[in-house]
Amino acid sequence: MGEAEHILTSIIRWATREEPIRAVILEGSRASQALFDELADFDVSVFTRTHEPYTQDDRWISTIGDVWVYISDKYDWGSETIPTRLVIFKDGIKVDFSFVGVHKLAELANTGEPNSGYEVLLDKDGCTDQLPKPVFRRRPNTPPTEKDFLGLVNEFWFEAYHVSKYLKREELWVVKSRDWTTKELLLKMIEWHAQAKHQWDYDTEYMGKHMKSWADESVWRALYRIFARFDRDDSWNGLLASVDLFRQLATEVAERLGFVYPEEVDRNIVGFMRKIKG
């Protein structure tokens with residue numbers, strides 16, 4: 001048994017002993033039909049009558065395996081806050097535990113929405129029996145509205161302006177910080193471009209994962225030019241390559257959706273950038 005399988009078995013044994021815990025479900029890439037490797041996280045939802053025994057005292061984590069490091073976090077689910085523990089165990093096995101009220105299972109049973117797959121690891125009361133069967137399909141993407149499209153385009157140019165200004169000042173640390181925002185906006189445009197070209201339920205995955213398999217080959221090649229070293233001249237080259245790629249993709253998306261690309265915004269900001277670059 002490998003370390004990953006050992007950790008999963010330990011989680012099930014631990015949850016079986018804990019009376020407040022009524023069900024445990026594995027989600028994410030390891031429970032779907034998506035590609036994953038031995039470094040993939042385990043996304044574990046723990047459905048419990050109360051999360052307090054597991055969020056007020058974290059000693060339970062070390063009963064599962066040897067812990068390298070962990071952090072406390074949370075996310076919102078509707079009006080509720082879901083506490084989490086994000087744990088890296090020995091050999092780099094990462095498990096994200098979410099502590100969810102058991103009542104949420106009834107809500108999940110009534111959604112009728114597609115899901116990207118899950119696996120029930122433990123069910124003490126048959127409370128997962130009414131869940132929709134795994135269909136290994138994500139919720140369909142929807143095309144952006146013209147307002148959403150223009151909002152993203154304007155924000156990209158707003159941030160590109162700031163990158164150029166800090167480059168002029170040679171504030172390279174700030175450049176890197178502001179530049180990452182432009183990259184996040186570029187990623188969304190890359191996703192829209194792929195979906196517009198194929199179909200709106202085309203799976204572009206998450207955070208750019210497996211991008212080489214779903215983005216255009218020409219887009220992938222262009223990405224090699226947009227990431228710069230901690231260097232003024234190279235950062236200028238990366239910025240200009242980024243705006244060229246963004247313009248190309250945004251223009252094509254606009255054409256497919258019947259929107260008007262804001263060429264004047266583009267022209268004004270690029271003109272400013274080239275002026276201060278010298």
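Starting from 1, residues in each chain are numbered consecutively following that chain's sequence as written. It should be noted that, the model being predicted, local features are given only for residues of pLDDT at least 70 and side-chain atom pairs only at 80 or more, the latter also being counted only at that level, while totals for whole chains, interfaces and linings use all residues. Side-chain measures were taken over the full set of non-hydrogen atoms in the model, leaving aside hydrogen atoms and water.

1. Things to note about the overall build of the chain
Now for step 1: Numbering of helices and strands runs from the N terminus, with a helix taken as a DSSP run of H or I at least four residues long and a strand as a DSSP run of E at least two residues long. What the chain contains, in helices and strands, is 10 helices and 6 strands.
Now for step 2: Summarising its shape, the C-alpha atoms of the chain cover approximately 70 × 40 × 35 Å along the three principal directions.
Now for step 3: Burial status follows relative accessibility: with a 1.4 Å probe on protein chains alone, a residue under 20% of its type maximum counts as buried, one over 50% as exposed, and anything between as partly exposed. Burial status across the chain gives 42% buried among its 278 residues.
Now for step 4: By definition in these notes, contact holds between two residues if any of their heavy atoms fall within 4.5 Å. Contacts in the chain between residues at least 24 apart in sequence constitute 60% of all its contacts with a sequence separation of at least 6.
Now for step 5: Values of accessible area rely on a 1.4 Å probe in the Shrake-Rupley scheme; residue burial ignores everything except the protein chains shown. As presented, the chain carries roughly 15,700 Å² of accessible surface, and 50% of it is formed by carbon and sulfur atoms.

2. Examining the pattern of salt bridges
Now for step 1: Any Lys or Arg side-chain nitrogen located within 4 Å of an Asp or Glu carboxyl oxygen qualifies as a salt bridge. Enumeration according to the criterion identifies 18 salt bridges in this entry.
Now for step 2: In this structure, Arg-247 and Asp-244 form a salt bridge, with 3.0 Å as the shortest nitrogen-oxygen distance. Residue Arg-247 and its partner Asp-244 are both found in helix H9 (residues 232-257); the two are separated by 3 residues, about one turn of the helix.

3. Overview of the sheet that holds strand S1 (residues 21-27)
Now for step 1: The pairing criterion is simple: DSSP has to find at least two bridges between the two strands. Ordered in space as S3-S4-S5-S2-S1-S6, the 6 strands form an open sheet in which the pairing is mixed. Two strands bound the open sheet, and with one partner strand each, they are strand S3 (67-77) and strand S6 (119-123). The mean angle between the axes of side-by-side strands here comes to 20°, regardless of whether they run parallel or antiparallel.
Now for step 2: Alignment of strand S4 (residues 80-89) against strand S5 (residues 93-101), held across 6 bridges, turns out to be antiparallel. The residue of S5 that forms the bridge with Leu-86 is Asp-96. All axes here are fitted lines through C-alpha atoms, helices being fitted over the stretch that makes contact, and every angle between N-to-C directions spans 0 to 180 degrees.

4. Some words on the environment of Val-175
Now for step 1: Tracing the backbone shows Val-175 in helix H6 (residues 172-197).
Now for step 2: The exposure class assigned to Val-175 is buried, which follows from its relative accessible area of 3%.
Now for step 3: With 34 residues separating them along the chain, Val-175 and Lys-209 place their C-alpha atoms 25 Å apart.
Now for step 4: Every residue in contact with Val-175, bar those within four places of it in the chain, is listed here: Val-163, Tyr-166, Leu-167 and Ser-235.

5. Notes on the packing of aromatic side chains
Now for step 1: Only Phe, Tyr and Trp rings take part, Trp by its six-membered ring, and two of them pair if their centres are within 6.5 Å. Stacked means planes under 30 degrees apart, edge-to-face means over 60, and tilted covers everything else. Throughout the structure, instances matching the rule amount to 14 aromatic pairs.
Now for step 2: Look at Trp-14 and Trp-60: their rings are 4.8 Å apart centre to centre, the planes differ by 20°, and that puts the pair in the stacked class. Within this pair, whereas Trp-14 is found in helix H1 (residues 3-17), its partner Trp-60 is found in the loop between helix H2 (52-55) and helix H3 (61-64), the two being separated by 46 residues in sequence. You'll find Trp-14 and Trp-60 in the same group, each marked buried.
Now for step 3: Centroid distance Tyr-54 to Trp-60: 6.3 Å. Interplanar angle 90°. Geometry classified as edge-to-face.
Now for step 4: In this arrangement the basic side chain of Arg-30 is found over the ring face of Phe-42, its NZ or CZ atom lying 4.1 Å from the centre. Two thresholds decide whether a charge sits over a ring: the Lys NZ or Arg CZ must be within 6 Å of the ring centre and within 35 degrees of the ring normal.

6. Considering the pairing of strand S2 (residues 42-48)
Now for step 1: Most of S2 sits out of view: 6 of its 7 residues are buried.
Now for step 2: Here S1 pairs with S2 via 6 bridges, running antiparallel. Bridge pairing in S2 links Glu-27 to Asp-43.

7. A closer look at the packing of H9 against helix H10 (residues 263-277)
Now for step 1: H10 packs onto H9 with a crossing angle of 165° between their chain directions and a minimal axis gap of 12 Å. Between H9 and H10, the angle is such that the two are roughly antiparallel. Judged by the sense of rotation from one axis to the other, the crossing of H9 with H10 is left-handed. Every residue of H10 that contacts H9 at Arg-232, Trp-236, Leu-239, Leu-240, Val-243 and Arg-247 is listed here: Asp-266, Val-270, Met-273, Arg-274, Ile-276 and Lys-277.
Now for step 2: For the contact of H9 with H10, the residue count by class is 7 nonpolar, no polar and 5 charged. These descriptions rest on fixed angle ranges, namely under 35 degrees for roughly parallel, over 145 for roughly antiparallel, 65 to 115 for roughly perpendicular, and the rest for oblique. Each crossing gets its handedness from the near helix: less than a right angle anticlockwise from the far helix is left-handed, clockwise is right-handed. Residue polarity is assigned by list, with Asp, Glu, Lys and Arg as charged and Ala, Val, Leu, Ile, Met, Phe, Trp, Tyr, Cys and Pro as nonpolar; anything else, Gly included, falls into the polar class.

8. What about the nonpolar core?
Now for step 1: Counting residues in each nonpolar core, the largest one holds 45 residues, and the members touching the most others are Phe-149, Val-153, Trp-157, Met-189, Ile-190, Leu-239 and Phe-246.
Now for step 2: Of all the elements in the fold, those that place two or more residues in this core are helix H5 (146-168), H6, helix H7 (211-214), helix H8 (217-223), H9 and H10.
Now for step 3: The element that contributes the greatest number of residues to this core is H9, accounting for 11 residues.
Now for step 4: Those residues in contact with Phe-246, other than ones at most four positions away along the chain, are Leu-152, Val-153, Phe-156, Trp-157, Leu-185, Leu-186 and Met-189. The set of buried Ala, Val, Leu, Ile, Met, Phe, Trp, Tyr and Cys residues whose side-chain atoms join them within 4.5 Å is what this entry labels a nonpolar core.

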